Amino acid sequence: MNIRKNDMVLVIAGKDKGKKGKVRFAYPETKRIMVEGVNFIKKHSKAKGAARQAGIIEREATIPVSNVMLLCSKCNHPARIGFRFLADGRKVRFCRACNEVID
Ligand SMILES: [Zn+2]
């Protein structure tokens, strides 16, 4: 998966198309991510003592990673990502638009 936690992403598909946000969690096993402020769902909850109020709470739900593009922190464009190896053998991501290493 080429999207990681704390990346800035642009949503390119789904009901939140066009929104930008920071990746809060990434789930490589299911190829899904949770993005700040994106894909709010309503959850009905019952009161559980004083800690939790009854009612409807809104929270983010995961979206498929294929619905977002990484926003390049260097050129600020939604970036197609490539991989390259550094001299020390590390595999890093780079932006195909500006050619800068993103990691
Ligand atoms: Zn770039």
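By convention here, each chain's residues receive numbers from 1 onward along its written sequence. This being a predicted model, a pLDDT of at least 70 is required before a residue's local features are given, and a value of 80 or more before pairs of side-chain atoms are given or counted; all residues contribute to the totals for chains, interfaces and linings. Think of the side-chain values as coming from all heavy atoms in the structure, minus any hydrogens and water.

Participant: Explain the coordination of the zinc ion here, please?
Facilitator: Ideal geometry at a metal centre gives angles of 109.5 degrees when four donors are arranged tetrahedrally and 90 or 180 degrees when six donors are arranged octahedrally. Listed donor atoms are N, O and S within 2.8 Å of the metal (Na, K and Ca: 3.2 Å). As water is not included, a site may look incomplete. Here the zinc ion is held by the protein donor atoms Cys72 (SG), Cys75 (SG), Cys95 (SG) and Cys98 (SG), which lie 2.2 to 2.4 Å from it. Only two sets of limits are used to name each site, 85 to 135 degrees for every angle of a tetrahedral four-donor site, and over 155 degrees for opposite donors with all other angles from 65 to 115 for a square planar four-donor or octahedral six-donor site, with any other site named irregular. Taken together, the four donor atoms coordinating the zinc ion span angles of 105 to 114 degrees at the metal, a pattern that classifies the geometry as tetrahedral. For the zinc ion, the donor residues sit on a single chain with the sequence spacing C-x2-C-x19-C-x2-C. Type-normalised accessible area, obtained with a 1.4 Å probe on protein chains alone, sets the label of each residue: buried when under 20%, exposed when over 50%, and partly exposed for intermediate values. Judged by relative accessible area, Cys72 falls into the buried class, the value being 1%. Here Cys75 falls in the partly exposed class, since its relative accessible area comes to 23%.

Participant: Looking at this structure, I do not really get the sheet that holds strand S3 (residues 32-35). What am I missing?
Facilitator: Remark on secondary structure: sheet strands pair via backbone hydrogen bonds, oriented parallel or antiparallel. Strands pair, by our definition, only if DSSP identifies at least two bridges between them. In DSSP terms, a helix is any run of H or I states spanning at least four residues, a strand is any run of E spanning at least two, and both are numbered starting from the N terminus. Reading across the sheet, the six strands line up as S6-S3-S2-S1-S7-S8 and stay open at both edges, with antiparallel pairing between neighbours. The open sheet terminates on both sides in strands that have one partner only, identified here as strand S6 (63-64) and strand S8 (78-79). With four bridges joining them, strand S2 (residues 20-27) and S3 adopt antiparallel strand pairing. Counterpart to Ala26 in the pairing with S3 is Ile33.

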